[in-house]
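Single-letter residue listing:
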Amino acid sequence: LFSLNYIVSKLGMRAFSPVTFAYLRILGSALLIHLVIPRDRTPVSRSDNWQLAGFALLAIVLNQTLFLAGLALTTAHIAAILITTVPVFVLAAAISLGRERATVTKIGGILLAAAGALLVIGGENAQGSRQAALGALLITMNCFSYALYLVLSKPMMARLPRTSTGRCIRRG
(Lines give C-alpha, C1' and ligand atoms only; values in the text may rest on other atoms or scores of the structure.)
Protein backbone atom coordinates (compact mmCIF):
# COMPACT_ATOMS: atom_id res chain seq x y z
CA LEU A 1 0.00 0.00 0.00
CA PHE A 2 2.79 2.45 0.89
CA SER A 3 4.42 1.92 -2.51
CA LEU A 4 1.32 3.40 -4.16
CA ASN A 5 2.29 6.69 -2.53
CA TYR A 6 4.92 7.36 -5.20
CA ILE A 7 2.62 6.60 -8.11
CA VAL A 8 -0.35 8.53 -6.72
CA SER A 9 1.93 11.46 -5.91
CA LYS A 10 3.46 11.52 -9.40
CA LEU A 11 -0.05 11.48 -10.90
CA GLY A 12 -1.30 14.17 -8.51
CA MET A 13 1.60 16.44 -9.38
CA ARG A 14 0.55 16.37 -13.02
CA ALA A 15 -2.42 18.51 -11.95
CA PHE A 16 -0.92 20.46 -9.02
CA SER A 17 2.43 21.90 -8.04
CA PRO A 18 4.26 19.89 -5.35
CA VAL A 19 3.54 22.47 -2.64
CA THR A 20 -0.16 22.70 -3.59
CA PHE A 21 -0.42 18.90 -3.69
CA ALA A 22 1.29 18.66 -0.28
CA TYR A 23 -1.17 21.19 1.14
CA LEU A 24 -4.14 19.30 -0.33
CA ARG A 25 -2.88 16.00 1.10
CA ILE A 26 -2.36 17.54 4.52
CA LEU A 27 -5.74 19.27 4.48
CA GLY A 28 -7.54 16.12 3.28
CA SER A 29 -5.86 13.96 5.89
CA ALA A 30 -6.59 16.44 8.67
CA LEU A 31 -10.27 16.59 7.69
CA LEU A 32 -10.52 12.80 7.55
CA ILE A 33 -8.80 12.39 10.91
CA HIS A 34 -10.99 15.11 12.40
CA LEU A 35 -14.09 13.20 11.28
CA VAL A 36 -12.91 9.71 12.23
CA ILE A 37 -10.91 10.15 15.45
CA PRO A 38 -12.87 11.44 18.43
CA ARG A 39 -11.67 14.75 19.82
CA ASP A 40 -9.79 14.45 23.06
CA ARG A 41 -10.67 16.75 25.93
CA THR A 42 -7.61 15.87 28.03
CA PRO A 43 -5.86 19.12 28.97
CA VAL A 44 -2.44 19.54 27.43
CA SER A 45 0.03 22.07 28.83
CA ARG A 46 1.02 25.15 26.87
CA SER A 47 4.58 23.85 26.43
CA ASP A 48 3.24 20.51 25.17
CA ASN A 49 1.04 22.38 22.68
CA TRP A 50 4.07 24.26 21.35
CA GLN A 51 6.03 21.03 21.08
CA LEU A 52 3.14 19.34 19.26
CA ALA A 53 3.05 22.26 16.82
CA GLY A 54 6.79 21.81 16.21
CA PHE A 55 6.32 18.08 15.69
CA ALA A 56 3.53 18.80 13.19
CA LEU A 57 5.92 21.07 11.31
CA LEU A 58 8.63 18.39 11.15
CA ALA A 59 6.44 15.33 10.56
CA ILE A 60 3.80 16.74 8.29
CA VAL A 61 4.52 20.13 6.75
CA LEU A 62 8.27 19.82 6.08
CA ASN A 63 8.08 16.07 5.51
CA GLN A 64 5.36 16.25 2.85
CA THR A 65 6.61 19.42 1.18
CA LEU A 66 10.18 18.16 0.85
CA PHE A 67 9.01 14.71 -0.27
CA LEU A 68 6.72 15.99 -3.01
CA ALA A 69 9.12 18.71 -4.17
CA GLY A 70 11.87 16.08 -4.40
CA LEU A 71 9.64 13.54 -6.11
CA ALA A 72 8.71 16.14 -8.73
CA LEU A 73 12.40 16.44 -9.66
CA THR A 74 13.49 12.81 -9.52
CA THR A 75 12.11 9.37 -10.27
CA ALA A 76 9.81 7.31 -8.08
CA HIS A 77 12.36 4.53 -7.74
CA ILE A 78 15.06 6.91 -6.47
CA ALA A 79 12.58 8.30 -3.95
CA ALA A 80 11.65 4.77 -2.85
CA ILE A 81 15.31 3.87 -2.35
CA LEU A 82 16.02 7.05 -0.40
CA ILE A 83 13.01 6.64 1.88
CA THR A 84 14.69 3.52 3.27
CA THR A 85 17.28 5.83 4.88
CA VAL A 86 14.77 7.00 7.51
CA PRO A 87 15.89 4.35 10.06
CA VAL A 88 19.51 5.32 9.43
CA PHE A 89 18.70 8.98 10.08
CA VAL A 90 16.71 8.00 13.18
CA LEU A 91 19.71 6.17 14.59
CA ALA A 92 22.12 8.98 13.66
CA ALA A 93 19.83 11.63 15.23
CA ALA A 94 19.32 9.52 18.37
CA ILE A 95 23.07 9.10 18.77
CA SER A 96 23.73 12.81 18.07
CA LEU A 97 21.10 13.89 20.61
CA GLY A 98 22.40 11.47 23.25
CA ARG A 99 19.30 9.27 23.22
CA GLU A 100 21.11 6.22 21.89
CA ARG A 101 24.60 4.97 22.66
CA ALA A 102 27.03 4.86 19.74
CA THR A 103 28.62 1.48 19.11
CA VAL A 104 30.96 0.27 16.40
CA THR A 105 28.12 -1.82 14.93
CA LYS A 106 25.69 1.11 14.83
CA ILE A 107 28.21 3.53 13.33
CA GLY A 108 29.26 0.85 10.84
CA GLY A 109 25.63 0.32 9.88
CA ILE A 110 25.12 4.04 9.33
CA LEU A 111 28.25 4.27 7.17
CA LEU A 112 27.35 1.16 5.17
CA ALA A 113 23.81 2.44 4.53
CA ALA A 114 25.13 5.86 3.51
CA ALA A 115 27.66 4.28 1.13
CA GLY A 116 24.95 2.11 -0.43
CA ALA A 117 22.59 5.04 -0.92
CA LEU A 118 25.38 7.18 -2.39
CA LEU A 119 26.37 4.37 -4.72
CA VAL A 120 22.84 3.93 -6.08
CA ILE A 121 21.95 7.61 -6.17
CA GLY A 122 25.37 8.70 -7.41
CA GLY A 123 25.17 6.26 -10.30
CA GLU A 124 21.71 7.46 -11.23
CA ASN A 125 22.64 11.12 -10.99
CA ALA A 126 25.83 10.65 -13.02
CA GLN A 127 23.55 9.76 -15.91
CA GLY A 128 20.85 12.22 -14.86
CA SER A 129 20.75 15.93 -14.29
CA ARG A 130 21.22 18.54 -11.64
CA GLN A 131 17.44 18.54 -11.32
CA ALA A 132 17.45 14.85 -10.37
CA ALA A 133 20.28 15.46 -7.90
CA LEU A 134 18.30 18.30 -6.31
CA GLY A 135 15.26 15.99 -6.11
CA ALA A 136 17.36 13.35 -4.37
CA LEU A 137 18.65 15.99 -1.93
CA LEU A 138 15.10 17.15 -1.13
CA ILE A 139 13.99 13.53 -0.55
CA THR A 140 16.99 13.06 1.75
CA MET A 141 16.01 16.20 3.69
CA ASN A 142 12.46 14.79 3.88
CA CYS A 143 13.84 11.60 5.45
CA PHE A 144 15.91 13.59 7.94
CA SER A 145 12.93 15.77 8.89
CA TYR A 146 10.79 12.72 9.62
CA ALA A 147 13.61 10.98 11.49
CA LEU A 148 14.13 14.05 13.66
CA TYR A 149 10.40 14.09 14.42
CA LEU A 150 10.50 10.42 15.46
CA VAL A 151 13.44 10.93 17.82
CA LEU A 152 12.30 14.23 19.33
CA SER A 153 8.65 13.26 19.79
CA LYS A 154 9.21 9.81 21.30
CA PRO A 155 9.18 10.88 24.98
CA MET A 156 6.03 12.98 24.57
CA MET A 157 4.24 10.37 22.49
CA ALA A 158 4.91 7.81 25.24
CA ARG A 159 3.65 10.20 27.93
CA LEU A 160 0.47 11.63 26.39
CA PRO A 161 -2.64 9.68 25.38
CA ARG A 162 -2.85 8.79 21.67
CA THR A 163 -5.87 10.99 21.14
CA SER A 164 -4.01 13.97 22.62
CA THR A 165 -1.04 13.42 20.35
CA GLY A 166 -3.49 13.33 17.43
CA ARG A 167 -3.46 17.09 17.86
CA CYS A 168 -0.06 16.98 16.22
CA ILE A 169 -1.69 15.60 13.08
CA ARG A 170 -4.61 18.03 13.24
CA ARG A 171 -2.22 20.98 13.47
CA GLY A 172 -0.27 19.82 10.40
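Residues numbered from 1 in each chain as written. Predicted model: local features only at pLDDT ≥ 70, side-chain atom pairs only at ≥ 80, totals over all residues. Heavy atoms only, no water.

J.: Tell me about the packing of helix α5 (residues 86-96) against helix α7 (residues 130-159), and please be specific about residues and values.
T.: α7 packs onto α5 with a crossing angle of 50 degrees between their chain directions and a minimal axis gap of 8 Å. With respect to α7, the axis of α5 lies oblique. Seen along the crossing, α5 lies across α7 with a hand that is right-handed. Contacts from Val86, Phe89, Val90, Ala93 and Ala94 of α5 reach α7 at Thr140, Cys143, Phe144, Tyr146, Ala147, Leu148, Leu150 and Val151. The residue inventory of the contact of α5 with α7, partitioned by class, reads 12 nonpolar, one polar and no charged. (Axes fitted to C-alpha atoms, helices over the stretch in contact; angles between N-to-C directions. Helix = DSSP H or I, 4+ residues; strand = E, 2+ residues; numbered from the N terminus. Parallel < 35°, antiparallel > 145°, perpendicular 65-115°, else oblique. Left-handed = near helix turned anticlockwise from the far one by under 90°. Contact = heavy atoms within 4.5 Å. Nonpolar A, V, L, I, M, F, W, Y, C, P; charged D, E, K, R; others polar.)

J.: Could you give an account of the packing of aromatic side chains, naming the residues involved and the relevant values?
T.: For the structure on display, the rule yields five aromatic pairs. Taking the centre distance of 5.7 Å and the plane angle of 80 degrees together, the rings of Phe89 and Phe144 count as edge-to-face. Of this pair, Phe89 sits in helix α5 while Phe144 sits in helix α7, placing them 55 residues apart in sequence. Phe89 gets classed as partly exposed once you look at its relative accessible area, which sits at 22%. Their ring planes at 35 degrees and their centres at 5.6 Å tell us that Tyr146 and Tyr149 sit as a pair that is tilted. Of the two residues, Tyr146 and Tyr149 are both situated in helix α7; the distance of three residues between them amounts to about one turn of the helix. Its relative accessible area of 30% is what places Tyr146 among the partly exposed residues. (Phe/Tyr/Trp six-rings, centres within 6.5 Å; stacked < 30°, edge-to-face > 60°. Buried < 20%, exposed > 50% of the residue type's maximum accessible area, 1.4 Å probe, protein only.)

J.: Please give an account of the side chain of Asn5 that cites residues and values.
T.: With respect to the helices and strands, Asn5 occurs in helix α1 (residues 4-15). When its relative accessible area of 16% is taken as the criterion, Asn5 is described as buried. For Asn5, the side chain forms a polar contact with the side chain of Arg25, separated by 3.0 Å. Excluding anything up to four places from it in sequence, Asn5 contacts Arg25 and Phe67. (Polar contact = N/O pair within 3.5 Å; in protein donor to acceptor, adjacent residues only side chain to side chain.)

J.: An account of α1 is requested, with residue identities and associated values reported.
T.: End to end, α1 covers 17 Å across 12 residues, agreeing with the expected 16 Å (1.5 Å per residue, within 8%). Of the positions making up α1, those classed as buried are Asn5, Tyr6, Ser9, Gly12 and Met13. Seen end-on, α1 carries its buried residues on one side only, within an arc spanning 130 degrees. Opposite the buried face of α1, at more than 90 degrees from it, the exposed residues are Arg14 and Ala15. (Expected span 1.5 Å × (residues − 1). Arc of directions from axis to C-beta.)

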